[in-house]
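Remarks on the overall topology
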Amino acid sequence: MSSSRSVRKLEVVSPVPADIDIANSVEPFHISEIAKDLNLSPNHYDLYGKYKAKVLLSVLDELESSDNGYYVVVGGITPTPLGEGKSTTTVGLCQALGAYLDRKVVTCLRQPSQGPTFGIKGGAAGGGYSQVIPMDEFNLHLTGDIHAITAANNLLAAAIDTRIFHESTQSDKALFNRLCPPNKEGKRKFSDIMFRRLKKLGITKTQPEDLTPEEVKKFARLDIDPNSITWRRVMDVNDRFLRKITVGQGPEEKGMVRETGFDISVASEIMAVLALTTSLADMRERLGKMVIGNSKAGEPITADDLGVGGALTVLMKDAINPTLMQTLEGTPVLVHAGPFANIAHGNSSIVADKIALKLVGPQGFVVTEAGFGADIGTEKFMNIKCRYSDLRPQCAVIVATIRALKMHGGGPEVVAGKPLDHAYLNENVPLVEAGCVNLARHIINTKAYGVNVVVAVNKFSTDTEAEMNAVMNAAMAAGAFNAVICTHHAHGGKGAVDLGVAVQRACASGNQQLKYLYPLDISIKEKIEAIAKSYGASGVEYTEQAEKQIEMYTKQGFSGLPICMAKTQYSFSHNAAEKGAPSGFILPIRDVRASIGAGFIYPLVGTMSTMPGLPTRPCFYEIDLDTATGKVIGLS
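In this text the structure is predicted, and so the values were computed from the model without any measurement.

Scoring rules and cut-offs
Residues numbered from 1 in each chain as written. Predicted model: local features only at pLDDT ≥ 70, side-chain atom pairs only at ≥ 80, totals over all residues. Heavy atoms only, no water. Helix = DSSP H or I, 4+ residues; strand = E, 2+ residues; numbered from the N terminus. Rg over C-alpha atoms; globule rule 2.2 N^0.38 Å. Contact = heavy atoms within 4.5 Å. Areas by Shrake-Rupley, 256 points an atom, 1.4 Å probe, with all protein chains shown as cover. Lys, Arg positive; Asp, Glu negative; His and termini not counted. Charge placed at Lys NZ, Arg CZ, Asp CG, Glu CD. Polar contact = N/O pair within 3.5 Å; in protein donor to acceptor, adjacent residues only side chain to side chain. Core = buried A, V, L, I, M, F, W, Y, C linked by side-chain atoms within 4.5 Å. Buried < 20%, exposed > 50% of the residue type's maximum accessible area, 1.4 Å probe, protein only. Phe/Tyr/Trp six-rings, centres within 6.5 Å; stacked < 30°, edge-to-face > 60°. Axes fitted to C-alpha atoms, helices over the stretch in contact; angles between N-to-C directions. Parallel < 35°, antiparallel > 145°, perpendicular 65-115°, else oblique. Left-handed = near helix turned anticlockwise from the far one by under 90°. Nonpolar A, V, L, I, M, F, W, Y, C, P; charged D, E, K, R; others polar. Pairing = 2+ DSSP bridges.

This part is about the overall build of the chain. If you tally the helices and strands in the chain, you get 22 helices and 23 strands. Its C-alpha radius of gyration of 25 Å places the chain within 12% of the 26 Å reference for a compact globule of 636 residues. Judged by the C-alpha coordinates and their principal axes, the chain covers about 80 × 55 × 50 Å. For the chain, long-range pairs separated by at least 24 residues make up 75% of all intrachain contacts whose partners lie at least 6 apart in sequence. Accessible surface, the chain: about 25100 Å² in total, of which carbon and sulfur atoms supply 52%. Computed over 65 positive and 66 negative side-chain charges, the separation of the two mean positions in the chain equals 3 Å.

Quick look at the structure:
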């Protein structure tokens, strides 16, 4: 692959320019060149401009009998609010494998949310000389998947409130007559989606006129309990003022006021469905099974009960295809799905990984990223994503920085937007060594899944040799397969060659066998407690609300699902200020919710916001358009 047209050797300069300036300095290859390297023909993808293409799921059917490549997941230690370069390391590793080590490789990344892009964290295309390009397109609309999720989510929200409104003003008969109106010949018939509800109710009749008055009532009246509704509206903007809103205040709504709120689009269950689905048919079933709340009798009400599952699938039919892009060095990238790991399961899509594993073939590599620290992103990758994909990783990378380890060793608080304390800019080996307890716990936890762990120390210019040696020694002592220093931010793929070699060896060692943290057939509480134990907790405390929800989901038959903990990314515990490797604490479960379509139960640990807010000085202050060239400036 190194002799292929679409591998580009970078000319790096020092100091490293701004991310957007590096991205704009490179003319991307036409995306058809990237596709050609992967043996994709033009009928395997749809072009979205010159530099992006949607890869069609038909590729999976065609390559079904082909062998998979090696599967690598990149997680991290518990991060500072600045991020530790996990996306950058993922991209740098792939540039090293593809442009320097002559391996077929595909990077699988999540699509960034516009919330952080315009908020405090910036984009997620990587950084320095290890980026996905075009960087502005990657960080903004891309191919519209998040917009499709927003539209589908809000269509369902509208359907819920509208159904409650119509049911409140009509008799059973009038409701039924409007749901099954007569055609021109005066005949009534059920639409296809209605047979799903009839089947759920145990009604086998196929003609509307054959239903008894009791069956008419059961079919037509969902009788949604407004207090049980868990479905909220979404938008892809950090807007704290929409966290709690009141709807139904218009004079036409006849006093049907209720409190609800907005989440950020990437926290929508529809995003989780997209990330965990395995086919178009599977996505249709998952979207239809999404539970929005309960009837007053305590029965779960689904999107298909509301008659909207098919329409949601239509809005999502293009979003299911992953987007093909490229790195600065011309190696291929599949971008798909974008859930946060603190409030969702934090991984890119199963279909992107499956397509990529077939395209690279045996001896090739697929590197996928799991969000935030390995306690949440990698844990959910193993216990949720791998369960639904049936894929087995051979290697897990844990990204560490001296900066984060110093913080975990007791260094001063790291605050986004404020200059770093001198402790982070000058050598302090004891501080680094003290912080390595965090790295050690991540290594031990990740090794327990039966995969080899490689530690990537993402080197900053202020890090010293003694500090880096301390990290590598601590990593090996904790059981890592290998630990290497990386300079991909400053040097591109060349700076991650050692990491590429270590990952190849870890994958080829052949002694990996995936072990889950918990079996699915134990109770919801036992699963929660197994995860809490991995954090270092000595026990779990449930609020009355959490107890009530667990009892209800168990009664409704949902207790066999995996668990997706909604927890702060800044600590192993529920308290973001608890650094290092805290232990002996009691983990508080404030509430428990369910994403039945996506296929998991999610407990809320402490106070977790599903709609971030903007800081005093958001990133958008820097973002503008050069109207002479049409280029975006100021994106980070």
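This part is about the environment of Arg103. Turning to its location among the elements, Arg103 is positioned in the loop between α4 (86–100) and β4 (105–109). Spatially, the C-alpha atom of Arg103 lies 9.8 Å from that of Gly500, the residues being 397 residues apart in sequence. From its side chain, Arg103 meets the backbone oxygen of Gln363 in a polar contact 3.4 Å long.

Take the nonpolar core next. Core analysis: the largest hydrophobic core is formed by 86 residues, its most contacted members being Leu156 and Met316. Not counting chain neighbours up to four residues away, the residues in contact with Leu156 comprise Trp231, Met290, Ile292, Ala303, Leu306, Val308 and Leu312. Among the nonpolar cores identified, the runner-up in size contains 28 residues, and Ile376, Tyr535, Leu561 and Met565 belong to it.

All chains considered together, the criterion is met by eight aromatic pairs. Look at Tyr70 and Phe365: their rings are 5.1 Å apart centre to centre, the planes differ by 40°, and that puts the pair in the tilted class. Remark: Phe365 occurs in strand β15 (residues 365–369) and Tyr70 occurs in strand β3 (residues 70–76); sequence separation between them is 295 residues. The same class applies to Tyr70 as to Phe365, namely buried. What links up through ring pairs into an aromatic cluster is the set Phe176, Phe190, Phe195 and Phe219.

Turning next to the packing of helix α7 (residues 145–169) against helix α13 (residues 309–316). Working note: a packed helix pair is described by the angle between its axes plus the distance between those axes. Orientation of α7 relative to α13, taken along the N-to-C sense of each, is 165°, at an axis distance of 9 Å. The angle between the axes of α7 and α13 places the two elements in the roughly antiparallel class. Once α7 is placed against α13, the crossing between them reads as right-handed. Within the contact between the two elements, α7 uses Ala148, Ile149, Ala151, Ala152, Leu155 and Leu156 and α13 uses Ala311, Leu312, Leu315 and Met316. For the contact of α7 with α13, a count of residues per class yields 10 nonpolar, no polar and no charged.

Within the fold, Gly255 resides in the loop between β8 (245–247) and β9 (258–260). For Gly255, a relative accessible area of 66% corresponds to the exposed category. Distance in space between the C-alpha atoms of Gly255 and Asp282 is 39 Å, their sequence separation being 27 residues.

Both faces of strand β14 (residues 332–335) are covered, namely the face carrying Pro332 and Leu334 and the face carrying Val333 and Val335. Note that β4 and β14 share three bridges and pair parallel. The partner of Thr107 across the bridge, within β14, is Val333. Hairpin connection, strand β13 (residues 323–327) to β14: the antiparallel pair is bridged by four residues, and Gly330 has positive phi, about 85°.

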